[in-house]
Amino acid sequence: MTKHLHLIPLHKNTKFLSLFHTNKSTIFTKASSFTTSTATPWNTHLRNLSKHGQYNEALIIYRQMLQSGATPNAFTFPFALKSSASLSLPITGKQLHCHVIKLGCESEPFVQTALISMYCRCKLTEFAQKVFDEMPQRNLTVCYNALISGYVQNGNFLNGFLLFSEMRLRGVLFNAVTVLGLVPGCTVPLYLWLGMSLHCLNVKCGLVNDLAIANCLLTMYVRCASMELARKLFDHIPGKGLITWNAMISGYAQNGLAGEVLGLYHEMELLQVNPDAVTFVGVLSACANLGAQKIGFEVEEKIRSTCMRWNVFLKNALINMYARCGNLAKARIIFDEMPEKSLVSWTAIIGGYGIHGLGNIAVELFDKMIETGIQPDGTVFVSVLNACSHAGLTERGLNYLDLMKREYGLKPCSEHYSCVVDLLGRAGQLEEARKLIELMEDEPDGAVWGALLGACKIHKNVELAELAFNKVVELEPTNVGYYVLLSNIYTEANNSQGILRVRLMMRERKLKKDPGYSYFECKGKTYLFVAGDRSHPQTKEIYKLLNRLEDTESEYEGANRNGQEVINHEPPNIIGVHSERLAIAFALLNTEIGADILVIKNLRICNECHSFVKRVSKIVDRLFVVRDATRFHHFRNGTCSCNDYW
């Protein structure tokens, strides 16, 4: 029988051919001892090769097995099929399927499971379903598990769930493997309710105590941005492993809950759970969002003391953290020290210079990256276009948009177009920006129209602002920022009817303006301020200092350069003082003379506060760095690094 079992030549796969020629002598040497016609020694060797990921070698051994006269059996095929699946060789897999049938092994459960898994991994779920349908007995949990997992992995969650329902109706027992195959399909909000149902079923059946299932469910809640449910599950998981902690920390980081990340990290430290690279990436991301440079520095010290100090992912996270904490010099040192820089490394440092308004350096780095032979992707083009926008490099930015299409065959997406619309808008080319939107291949989204709306505010173009606003609220009707932006445009134009109309729309849609807040890190602790805040223990001193800082510059000729001498005046009746002013006053009161001050704000800094910080930087001779929602502003001696172009 064996002589009829010939595979179509494997040399048709060029990847396999090269490996075949490379390893042929080695394989023959290893196989030379297998002179027996029995399958047992061949199967043992196949199992070892497959177990250690040597899939090419396993398939070569299978061919040698046929040539030696040995007959494959039911114990041979799972390893050969696994190797075929791992190498994504569907033709080879089909040939092996023919061998299975010719040798009468198709009724063996573990062969059936291997066939289903092979077809699913080769993205041939219809063949996997046929194998499943032709099974004489469809009551085997392992076969259901293989097909359910295959459907989910190939993006067909509904078929997987229907198969699970059939499994339950037939009375076939499910197990942890079933759940682990099915839950990943619930990681989109649309199917969260099904995931919650599975969670309930697992609780009922006692499977939720399985740590792997608990971690899988936790990941599901995180990816669906259901952080309250994720935290509730996390708190009830007994014997949490590092994977569990990392899932929760990464989830908080990905959903912008930086404060919760640092709180959880502190809890890990108290419980003496040793972090790994995944932990540190999440923590550094949180430090970047909060501007918590001291904690980020402590994390860097821990990384340096371990074998993770050369981890490229951590290096990239450190570059991003220091850049977003205002310490661009430190970010550049880390970047320059890297022996091998990935595309992500270049993207991080280019983006860092971009948000600091140093567009000229950002484009120099981008051009240098191209010279090193690194192929740019869409993400790095977003960074360099954004850098051009903040620095007013209009022609350079337009050239990059053309370059990404012409030289690299990259299709610009919404992020690229919103950067270029912003670029043109800031340069006063509003009509060109509008025409660019009209020429977009895909339908422009809210970010694109929002960029045009922001440009209209800079140049006080009410008519075009109304057009952009009407478009953007169709796409993002609950985004409060756009309503506020149009209201501000009407305010500057003294259009009271327009202001009233926007307020009425917000009231009808039950929308409220996001509260402005700013924070300042002092001695490792973060202090948060909201607009008009009077809850801080130093409120009296803060408002006294603000009262003096609001006066004319001439009154400060004899004042202490740190602002300490002026806090004896009575506090003014200031209502709704913007949060960055409160943070700056607090910083002046609690830092040494001459120390730089970094304040982070969640919203875009307004014109009045921008002018205020410029005046204060001249009065007290300090460097003030304010990171708002879009960029960094470096204030010194009465000027800002943005040149009033933001």
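Predicted model, so just to flag it, every value in this text is computed and none were measured. (Residues numbered from 1 in each chain as written. Predicted model: local features only at pLDDT ≥ 70, side-chain atom pairs only at ≥ 80, totals over all residues. Heavy atoms only, no water.)

1. Some words on the overall build of the protein
A tally of regular secondary structure across the protein gives 32 helices and six strands. Total accessible area on the protein stands at roughly 30800 Å², and carbon and sulfur atoms take up 53% of it. (Helix = DSSP H or I, 4+ residues; strand = E, 2+ residues; numbered from the N terminus. Areas by Shrake-Rupley, 256 points an atom, 1.4 Å probe, with all protein chains shown as cover.)

2. Remarks on unusual backbone geometry
Its identity is not glycine, yet Lys 123 carries a phi of approximately 65°, on the positive side. If you trace the backbone, Lys 123 turns up in the loop between helix 6 (109–121) and helix 7 (125–133). Positive phi, normally seen in glycine, also occurs at Asn 494, with a value near 55°. Examined against the element boundaries, Asn 494 turns out to sit in the loop between helix 28 (480–492) and helix 29 (496–508). Look at Asn 494 and you get exposed, because its relative accessible area is 69%. (Buried < 20%, exposed > 50% of the residue type's maximum accessible area, 1.4 Å probe, protein only.)

3. Details of the UniProt feature "repeat: PPR" (unreviewed entry) in the protein
Under the feature "repeat: PPR" (unreviewed entry), the UniProt entry names residues 38–72, 140–174, 241–275, 311–341 and 342–376. Along residues 38–72, the helical share is 74% and the strand share 0%, with 8 Å between the first and last C-alpha atoms. The distance from the first to the last C-alpha atom of residues 311–341 is 11 Å, and the span holds 74% helix and 0% strand. (UniProt positions renumbered as here; feature names shortened; annotations may be inferred.)

4. Quick word on the nonpolar core
In summary, soluble globular proteins display a tendency toward joint burial of nonpolar side chains. Among the nonpolar cores identified, the biggest contains 170 residues, and Ile 116, Ile 350, Phe 366, Tyr 400, Leu 452 and Phe 469 are the most heavily contacted of them. In this view, Ile 350 contacts Ala 362, Leu 365, Phe 366, Val 380, Ser 383 and Val 384; residues no more than four positions away in its chain are not counted. In terms of nonpolar packing, the next biggest core, distinct from the first, is built from 32 residues, Leu 545, Leu 582, Ala 583 and Cys 642 among them. (Core = buried A, V, L, I, M, F, W, Y, C linked by side-chain atoms within 4.5 Å. Contact = heavy atoms within 4.5 Å.)

5. As for the pattern of salt bridges
Taken as a whole, this structure holds 20 salt bridges when the rule is applied. The partner of Glu 300 in a salt bridge is Arg 304, and the shortest N-O contact between them spans 3.0 Å. Taken as a pair, Glu 300 and Arg 304 lie in helix 17 (residues 293–304) at a separation of four residues, close to a single helical turn. When the shortest N-O distance is used, the salt bridge between Arg 501 and Glu 466 registers 3.9 Å. Pair noted here: Arg 501 is in helix 29 and Glu 466 is in helix 27 (residues 462–475), with a separation of 35 residues, a long-range link. Overall, Arg 501 belongs to the partly exposed group, its relative accessible area being 41%. Several salt bridges share partner residues, and in doing so they unite Glu 300, Arg 304, Lys 330 and Glu 337 into one network. (Salt bridge = Lys/Arg side-chain N within 4 Å of Asp/Glu carboxyl O.)

6. Some remarks on the confidence of the model for the protein
The share of residues in the protein with pLDDT of 70 or more is 90%, and the mean pLDDT across the chain is 87. Below a pLDDT of 50 lies the segment residues 556–575, which in the model reaches 45 contacts outside its immediate sequence neighbourhood of four places, other chains included. (pLDDT = per-residue confidence, 0-100.)

7. Some details on helix 2 (residues 40–51)
Side chains of residues three or four places apart in an α-helix project in the same direction, reflecting 3.6 residues per turn. Along its 12 residues, helix 2 runs 16 Å from first to last C-alpha, staying within 8% of the 16 Å computed at 1.5 Å per residue. Along helix 2, the residues that are buried comprise Trp 42, Asn 43, His 45, Leu 46, Leu 49 and Ser 50. Mapping the buried residues of helix 2 onto a view down its axis gives an arc of 165°, with all of them on the same face. More than 90 degrees from the buried face of helix 2, the exposed residues found are Thr 40 and Lys 51. (Expected span 1.5 Å × (residues − 1). Arc of directions from axis to C-beta.)

8. A word on the sheet that holds strand 4 (residues 624–627)
Pairing in this open sheet of six strands is mixed, and the strands run 2-1-3-4-5-6 from one edge to the other. The outermost strands of the open sheet, each flanked by one partner alone, are strand 2 (525–530) and strand 6 (639–640). For strand 1 (residues 517–522) and strand 2, the ladder comprises six bridges, and the chain directions are antiparallel. Within the sheet, the bridge partner assigned to Tyr 519 lies in strand 2 and is Leu 528. (Pairing = 2+ DSSP bridges.)

9. Section: the packing of helix 5 (residues 90–102) against helix 6
The N-to-C vectors of helix 5 and helix 6 enclose an angle of 160°; their axes lie 11 Å apart at closest approach. Taken as axis vectors, helix 5 and helix 6 run roughly antiparallel relative to one another. Relative to helix 6, the crossing made by helix 5 is left-handed. Judged by residue contacts, Gly 93, Lys 94, His 97 and Val 100 of helix 5 engage Val 111, Leu 115, Met 118 and Tyr 119 from helix 6. Taken together, the residues of the contact of helix 5 with helix 6 break down into five nonpolar, two polar and one charged. (Axes fitted to C-alpha atoms, helices over the stretch in contact; angles between N-to-C directions. Parallel < 35°, antiparallel > 145°, perpendicular 65-115°, else oblique. Left-handed = near helix turned anticlockwise from the far one by under 90°. Nonpolar A, V, L, I, M, F, W, Y, C, P; charged D, E, K, R; others polar.)

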